[in-house]
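Examining the three-dimensional arrangement
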Amino acid sequence: MTMSRRLLIAAVSSVAMLGMLPAGAGAADYPTKPIRVVVPVPPGGPTDIIARLVAEGLQKKWGQPVVVENKPGASGIIANEDVAAAAADGHTVLVGNVSTNAINVAAYPDRKAAASLIPVTNLIQVPGVFVGNSTVPANSAKELIEGMRSGAIKSLKYGSPGIGTYPQLDALMLFKKEGVKATHIPYKGAAQILPALLANEIQVEFLNESTAIGQIKDGKLKPYAVTWTERLPELADVPTMTELGYAGIGTSAWHAMFVTGGTPQAVVDKLHGGVVEVLADPDIRQKTANQYLKLVPSKSAADFAGFVKAETAKWGTVLAENEIKLPGQ
Amino acid sequence: MMDVFATLSGNIGIGLATAFSPANLLYCFIGVFAGMLVGVLPGIGAVAAMSMLFPLTLNLAPTSALILLAGIWYGTAYGGSTAAILLNVPGSTSSAVACLDGYPMAKQGRAGIALMMTTVGSFFGGSVGILLMMLFSPVIVGYAMEFTSAEYFALMTLGLVAASTVAGESVVKSLAMVVLGIMFGTVGIDVYTGGERFTFGQASLYDGISIAALAMGLFGVSEVITSIRAVHGADIRSKSITLRSMIPGRDDVRRSMMPMVRGTAIGSFFGALPGTGPAIAAFLSYAVEKRVAREPERFGKGAIEGVVAPETANNAADQTAFIPTMTLGIPGSATMAIMLGALMIQGITPGPKLMSEHPDIFWGLVMSFWIGNLILVVLNIPLIGLWVRILTVPYQLLYPAILMFVCIGVYTVNTNTFDVWMVVLFGVLGYAMRIADLPAAPVLLGFVLGPMMEEHFRRTMLVADGDFLALFHRPVSGVVLGLTIAILAWGLWNTLRLHRARPASP
């Protein structure tokens, strides 16, 4: 009994010491224990998939287990708070996205968690496509807007995966710029939108390329514009939003890595370097290309921090100008 | 016509060749076995298990990855009923309804029969679901895609009206509990305004109350609390467990036939509709059984129909849920989103061309369903004896273990400790409801159906610019709502007639 108790004490204290190590240790030793990757969305989507691919690469590279943990819910607030509260030693990271780490940061100035995180690097961007149901009597964005203006296209409905999500804001900005009216129909998450679009319950929508491409090829959806900086190889005939004169409207959702605030700069830089190296792996290139995802590693953590700051400011303006209030505000 | 069969048999050949490769057989086995185990353990649902195994699939061949994940998905439905029947703890959400009559059967010493018949029902439902997927995928998907919010609203209303009889004797109590369930269901962020409803500023409540927490608290935890007070009360254990006791009697078989057929139909239908799925299918098929039963008063006291029909329905729904996912790339549920993710990471875009561009994947997967379902039957039947033996574990050992599994299970769904507190809360509520003799099933029903009705009703109104009659303009929703009104009117007339016939009764 005494023996086992002594053993227990020894074990506990050595674990405790291990836990204290990173605080004193420099980036040279990092990582000293398993890394936890927190993902603010359920498994299956782009954020989750890139998190898992990066986790796998880092694990191979550094020989420490890298575990992905999905903590969905409350627009990412739960996951952000989890990572913000973790030890500032780089062993807890967040893979978030434009919604959970820019739009929501702008929307919830009182919730400090997301804003307190240190941006590490951008990972991927998902090009979007502005599409319409095949029965909509317009074959281009121009025809659509003209039809709405002349009254030939009446009571147009556009969907979104919820209030304050970028597909809603993109459509809102577009119609506002053109001075035409359309009704917003919010859905519970992205899975409901495609069926609604195909059933013509809503007529237009900003979708991820990966979601839209099969239906476009099948002729069930008409592509009006893509949100990427250049034309997409799979949809070479479809103009970009910028080409159509809508620069700044249309989001290619980004998915990126953050780390607990207060993490030593050397650790942030090592993490940045490690992730960038992992993203250069041909296997990851293939797997993301398969999913119509664009790899966009940032030059440096500081570079990416600037990007996040600009994005947060942009969405703050959009929300304020359109008087959109998000839940809990 | 001959062409169709020639193509079909060719495809089946491709599928069988793929599914019977040693590697795929192994992954199929691992998947269904893991699924069954996860299903038996309270609360650890398919989503948690699939996301845990998801990283493994990154390095597998596409078909193997899908076969593995799919096996977990439909395997849980086989295991899910086990804990529900034996311990009154729903193993997965879709098997919560199996508690209602399964547990009373276990108390009567008929646990073996209940498990046997649910296995048979599950296999039957699953098989028909697979057949439908093979033969009519494009047709079914075509119909499903015609469904707008108006149709969903009409179906949910019909379901709730048909199901308002789910409870025991008192209609008033039952309706009150449906309302309570709807209230729980409205917690969270309002989809249309972004406003908070009953969240008390808790971020953890923004997405509403977890159905796993609700179901496991109301049924499982309250059962454990009850048993603390009455350890010597129930004595399921005194019944001997023999192979003979597991074989259903002629009466059981006769009573189960039609419920299996109806359960399959309901399950196949709701499975193919994105956004509904096995839990709703199970509830509605229970409601339908009670509606059509000659002696509805037997329900809730160990009616075999009440176990077989919903278990058949959720398995059928499990299979047909693949139809929109595979043929349109539309995942109807969180589990299907994981399947889709697994497919896409392999460079395969699910969609209308999947069946023609990747016949080996589509047909290999479908054929693996048969194999998996067969493996499950072969695994499950000998295990029934073992499962039933769980009941011989002394309560003081069994119940702490159940509580532990419930907590782990609920935690793993969202990895949020808040949900564990919710289970405790609902356990206490469930216990209080038992004391007050209030039925728990309608709470769950209201919780699932109520908010969906609200969501679809408001969306229909939004799309139709507030024209209430829009609900009746579309043929399907019009007919279904007409049917609902007819059922209501018939019920009312019946009540009045009975009331007049026995004016002296109190």
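Bear in mind the structure is a predicted one, so any value in this text is a computation, not a measurement.

Taken together, the contact pairs 45 residues of chain A with 45 residues of chain B. Across the chain A/chain B interface, buried area totals approximately 3700 Å², and carbon plus sulfur atoms make up 59% of it. Summed over the shared surface of chain A and chain B, the number is 2 salt bridges. Between Glu455(B) and Lys188(A) there is a salt bridge whose closest N-O contact spans 3.8 Å. Where chain A touches chain B, the interface holds 6 residue pairs in polar contact (both at pLDDT 80 or more). Of the residues belonging to the side of chain A that touches chain B, the class tally is 20 nonpolar, 12 polar and 13 charged.

All names here are of chain B. Mapped onto the elements, threonine 460 comes out in helix α20 (residues 441-463). Assessed through its relative accessible area of 7%, threonine 460 is described here as buried. Polar side-chain contacts of threonine 460 include one of 2.6 Å to the backbone oxygen of histidine 456. Among all residues touching threonine 460, those that are not within four sequence positions of it are Ser149, Ala150 and Leu471.

Empty space among the atoms becomes apparent when a probe as large as a water molecule is rolled across them. Taken as a whole and assessed by the stated rule, the structure comprises 4 cavities of 30 Å³ or more. Surrounding the largest cavity, Ser75(A), Gly76(A), Ile77(A), Asn80(A), Glu81(A), Thr100(A), Asn104(A), Val105(A), Tyr108(A), Arg111(A), Ala113(A) and Ala114(A) form its lining. Contributing elements (two or more residues each) for the lining of the largest cavity: α3 (77-84), α4 (98-107) and α5 (113-116) of chain A. Among the residues making up the lining of the largest cavity, the classes are represented as 5 nonpolar, 5 polar and 2 charged. One number sums up the size of the second largest cavity: a volume of about 80 Å³. Around the second largest cavity, the lining comprises 14 residues; the ones closest to its centre are Gly271(B), Gly277(B), Ala321(B), Gly332(B) and Ser333(B). The residue makeup of the lining of the second largest cavity, split by class, is 7 nonpolar, 7 polar and no charged.

All names here are of chain A. The buried count for strand β10 (residues 253-259) comes to 7 of 7 residues, which makes it a mostly enclosed element. What you see with β10 is no split at all: Ala253, His255, Met257 and Val259 on one side and Trp254, Ala256 and Phe258 on the other are buried throughout. Note that strand β4 (residues 118-126) and β10 share 7 bridges and pair antiparallel. Within β10, the position partnered with threonine 121 by the bridge is methionine 257.

Here chain B shows a mean pLDDT of 85. Residues at 70 or above account for 94%. Scored by ipTM, the complex comes to 0.79, with pTM at 0.82.

Before going further, it helps to spend a moment on the state of the cysteines. Here a disulfide denotes one covalent bond, and it connects the sulfur atoms of two cysteines. Residues and elements named next belong to chain B. The final tally for this structure, using the stated rule, is 0 disulfides over all chains. Sulfur of cysteine 99: no disulfide; nearest cysteine sulfur belongs to cysteine 407 and is 17 Å away. For cysteine 99, a relative accessible area of 2% gives the class buried.

Let us now look at the sheet that holds strand β11 (residues 294-295) of chain A. All names here are of chain A. The strand order β2-β1-β3-β10-β4-β11 describes an open sheet built from 6 strands, whose pairing is mixed. Edge positions in the sheet fall to β2 (66-70) and β11, since each has one partner strand and no second. Sheet topology note: the strand β1 (residues 35-39)/β2 ladder contains 5 bridges and is parallel. Paired with arginine 36 across the bridge in β2 is valine 67. Sheet contacts for α4: β3 (92-97) and β10; angle to β3, the most-contacted strand, approximately 75°. Helix α12 (residues 301-321) rests against β4 and β10 of the sheet, and its axis sits at about 70° to β4.

Moving on to unusual backbone geometry. Residues and elements named next belong to chain A. Between tyrosine 30 and the following residue, proline 31, the backbone shows a cis peptide bond with an omega angle of -5°. Mapped onto the fold, proline 31 is located in the loop between α1 (2-24) and β1. Its identity is not glycine, yet serine 75 carries a phi of approximately 50°, on the positive side. Residue classification places serine 75 among the partly exposed positions, given a relative accessible area of 31%. One non-glycine residue, tyrosine 292, adopts positive backbone phi at about 60°.

Attention now moves to helix α22 (residues 475-501) of chain B. Relative to the 39 Å expected for 27 residues at 1.5 Å per residue, α22(B) spans 38 Å between its end C-alpha atoms, a close match to the ideal helical length. Listed as buried for α22(B) are Ser477(B), Gly478(B), Val480(B), Leu481(B), Thr484(B) and Asn494(B).

A few words on a nonpolar patch on the surface. A surface patch of nonpolar side chains, about 410 Å² in accessible area, is lined by Leu26(B), Phe29(B), Ile30(B), Phe33(B) and Leu37(B). Looking at the secondary structure, you find Phe29(B) in helix α2 (residues 22-40).

All right, on to the domain arrangement of chain A then. All names here are of chain A. Here chain A is partitioned into domain 1 (35-124 + 253-322) and domain 2 (128-244). Centre-to-centre separation of domain 1 and domain 2, based on C-alpha positions: 28 Å. Domain 1 puts 14 residues into the contact, and the matching count from domain 2 is 16 residues. Each partner contributes to the roughly 1200 Å² buried at the junction of domain 1 and domain 2, and carbon and sulfur atoms together form 70% of this total. Looking at the side of domain 1 facing domain 2, the largest losses of area belong to Tyr292, Lys294 and Asn322, adding up to 48% of the total buried there. Remark: the boundary between domain 1 and domain 2 carries 0 salt bridges. Summed over the shared surface of domain 1 and domain 2, the number is 1 residue pair in polar contact (both at pLDDT 80 or more). Residue assignment for the side of domain 1 that touches domain 2 shows that the elements contributing at least two residues are α4 and α12. Counting residues per element, the side of domain 1 that touches domain 2 draws most heavily on α12, which supplies 4 residues. Across the side of domain 1 that touches domain 2, the residue classes tally to 9 nonpolar, 3 polar and 2 charged.

As a further point, take the packing of aromatic side chains. Using the criterion set out here, one finds 19 aromatic pairs over all chains in the structure. Ring centres 5.6 Å apart and planes at 75° place the aromatic pair Tyr30(A) and Trp62(A) in the edge-to-face group. Of the two residues, Tyr30(A) sits in the loop between α1 and β1 while Trp62(A) sits in helix α2 (residues 46-62), which places them 32 residues apart along the sequence. Ring centres of Phe153(B) and Phe457(B) lie 5.2 Å apart, and the angle between their planes is 45°; on these two criteria the pair is classed as tilted. Residue Phe153(B) is located in helix α7 (residues 149-163), and its partner Phe457(B) is located in helix α20; the two are separated by 304 residues in the primary sequence. Through a chain of ring-to-ring contacts, three or more aromatic side chains come together here, namely Trp254(A), Phe258(A), Phe304(A) and Phe307(A). Residue placement shows Lys314(A) over the ring face of Trp315(A); its charged tip is 4.4 Å from the ring centre.

All names here are of chain B. Taken N-terminus to C-terminus, the directions of helix α3 (residues 46-57) and helix α15 (residues 334-345) make an angle of 20°; their axes are 9 Å apart at the nearest point. As the angle between them shows, α3 and α15 are arranged roughly parallel. Remark: the crossing between α3 and α15 carries left-handed chirality. Contacts from Ala46, Val47, Met50, Ser51 and Phe54 in α3 reach Ala334, Thr335, Ile338, Met339, Gly341 and Ala342 in α15.

Here Ser149(B) lies in helix α7. The exposure class of Ser149(B) is buried, given its relative accessible area of 2%. With residues near it in sequence (within four places) discarded, Ser149(B) still touches Glu201(A), His456(B), Arg459(B) and Thr460(B).

Parameters and conventions
Residues numbered from 1 in each chain as written. Chains lettered and ligands numbered in written order. Predicted model: local features only at pLDDT ≥ 70, side-chain atom pairs only at ≥ 80, totals over all residues. Heavy atoms only, no water. Contact = heavy atoms within 4.5 Å. Buried area = accessible area lost by both parts, 1.4 Å probe. Salt bridge = Lys/Arg side-chain N within 4 Å of Asp/Glu carboxyl O. Polar contact = N/O pair within 3.5 Å; in protein donor to acceptor, adjacent residues only side chain to side chain. Nonpolar A, V, L, I, M, F, W, Y, C, P; charged D, E, K, R; others polar. Helix = DSSP H or I, 4+ residues; strand = E, 2+ residues; numbered from the N terminus. Buried < 20%, exposed > 50% of the residue type's maximum accessible area, 1.4 Å probe, protein only. 1 Å grid on protein atoms, 1.4 Å probe; cavity = no way out; pocket = protein on both sides within 12 Å on 5 of 7 lines; lining within 4 Å. Points joined across faces, edges and corners; volume = space filled by probe spheres on them. Pairing = 2+ DSSP bridges. pLDDT = per-residue confidence, 0-100. Disulfide = S-S within 2.5 Å. Axes fitted to C-alpha atoms, helices over the stretch in contact; angles between N-to-C directions. Expected span 1.5 Å × (residues − 1). Patch = residues over 30% accessible without salt bridge, like charges linked within 9 Å, V, L, I, M, F, W, Y side chains within 5 Å. Areas by Shrake-Rupley, 256 points an atom, 1.4 Å probe, with all protein chains shown as cover. Domains from an automatic or database assignment. Phe/Tyr/Trp six-rings, centres within 6.5 Å; stacked < 30°, edge-to-face > 60°. Lys NZ or Arg CZ within 6 Å of the ring centre and 35° of its normal. Parallel < 35°, antiparallel > 145°, perpendicular 65-115°, else oblique. Left-handed = near helix turned anticlockwise from the far one by under 90°.

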